[in-house]
Every structure is written in structure tokens, then in C-alpha cells.
Amino acid sequence: QVRLVESGGGLVQPGGSLQLSCAFSGIIVRINDMGWYRQGPGKNRELVASISDGGMTNYRDSVKGRFTISRDNAKNTVYLQMNSLKPEDTAVYYCKIRTIYDLQYWGQGTQVTVSS
């Protein structure tokens, strides 16, 4: 059974930092890429950052220089370090894993609220 469990969300003031974690298990085929998505109030879900099996990263423009995606293969965990947070970063953040057979698995989401 595949499981993705996100953690690390919460309430933070503008300019603050949070680190999200996504621990996964049960995936027995090769992973092609992993990503963090977010869905703000009244908005569509959007890609925030992704990291390929080879370690190549990709970020949406609005988070470049502030967010960093990384992975720890030994711990089966992908992280999203978020610095200099802004109110517009407020959203539910989701982890997604895609295998080489294009199977996609999602976590349950973790709420991030940036507010003073």
C-alpha cells in the first residue's frame, strides 16, 4: 500500500520559514520525479517545485530564490524548505510522486498559512 504523509505546515508570520516533509512508503517501482503542489483559496492546484530522479529541480517563478526542494533517498522523504514566506504563499501544500510508468500518488495535504 502506497502512503505519502506530509507534515510541517502551520501558521507563520510574513518573512518566516517552514520546512515541509513528505515521507513515502510502499512504492516498489522506480520514481521518475517528485513534486510539491499547492492550492490556495479559490485557486487551482499549481506546481510549486519538482525534483527529478537525477536531482534536477524546477521551481515556479514566484518561489525561485525562496523555496528549495530536496530529497533524502535513505529516508524516502522529500522536503520543501520555504523561506521569506509571503501571504500569497498561503495554501494547502501537497506532495506528489510519479513513477516511471506514469503512476501518480498524492499526499493528503498540509495547510500553510502566512499571516501577521
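Cut-off values and rules
- Residues numbered from 1 in each chain as written.
- Predicted model: local features only at pLDDT ≥ 70, side-chain atom pairs only at ≥ 80, totals over all residues.
- Heavy atoms only, no water.
- Helix = DSSP H or I, 4+ residues; strand = E, 2+ residues; numbered from the N terminus.
- Buried < 20%, exposed > 50% of the residue type's maximum accessible area, 1.4 Å probe, protein only.
- Contact = heavy atoms within 4.5 Å.
- Areas by Shrake-Rupley, 256 points an atom, 1.4 Å probe, with all protein chains shown as cover.
- Phe/Tyr/Trp six-rings, centres within 6.5 Å; stacked < 30°, edge-to-face > 60°.
- Pairing = 2+ DSSP bridges.
- Lys, Arg positive; Asp, Glu negative; His and termini not counted.
- Salt bridge = Lys/Arg side-chain N within 4 Å of Asp/Glu carboxyl O.
- Polar contact = N/O pair within 3.5 Å; in protein donor to acceptor, adjacent residues only side chain to side chain.

## Re the overall build of the protein
In step 1: From N to C terminus, the protein includes zero helices and eleven strands.
In step 2: Considered along the principal axes of its C-alpha atoms, the protein spans approximately 45 × 25 × 25 Å.
In step 3: Evaluated residue by residue, the protein yields a buried proportion of 41% over its 116 residues.
In step 4: Contacts in the protein between residues at least 24 apart in sequence constitute 52% of all its contacts with a sequence separation of at least 6.
In step 5: About 6300 Å² of surface is accessible on the protein, with carbon and sulfur atoms providing 46% of the total.

## Remarks on the packing of aromatic side chains
In step 1: In the structure shown here, the tally under the stated rule is two aromatic pairs.
In step 2: Their ring planes at 80° and their centres at 6.4 Å tell us that Tyr94 and Trp106 sit as a pair that is edge-to-face. Here the residue Tyr94 occupies a position in strand β9 (residues 91-99), and Trp106 occupies one in strand β10 (residues 104-106), the gap between them amounting to twelve residues.
In step 3: Judged by relative accessible area, Trp106 falls into the partly exposed class, the value being 35%.

## Concerning the pairing of β9
In step 1: Taken across its nine residues, β9 has seven buried, putting it largely inside the fold.
In step 2: In terms of strand pairing, strand β4 (residues 31-39) meets β9 through eight bridges, oriented antiparallel. Pairing of Tyr37 across the sheet is with Tyr94, part of β9.
In step 3: Of the strand pairs in this sheet, β9 and β10 are connected by three bridges, and their pairing is antiparallel. Bridging from a neighbouring strand, Ile97 pairs with Tyr105 of β10.
In step 4: Hairpin connection between β9 and β10: a loop of four residues separates the two successive antiparallel strands, and Asp102 in this loop has a positive phi of roughly 65°.

## Some words on the side chain of Lys96
In step 1: Following the sequence through the fold, Lys96 ends up in strand β9.
In step 2: Buried charge without a salt bridge: Lys96, with Asp33 as the nearest opposite-charge side chain at an N-O distance of 5.3 Å.
In step 3: A polar contact of 3.1 Å, which involves the side chain of Lys96, links it to the side chain of Tyr37.
In step 4: The contact partners of Lys96, leaving out residues within four places of it in the chain, are Leu4, Asp33, Met34, Gly35, Tyr37, Gln104, Tyr105 and Trp106.

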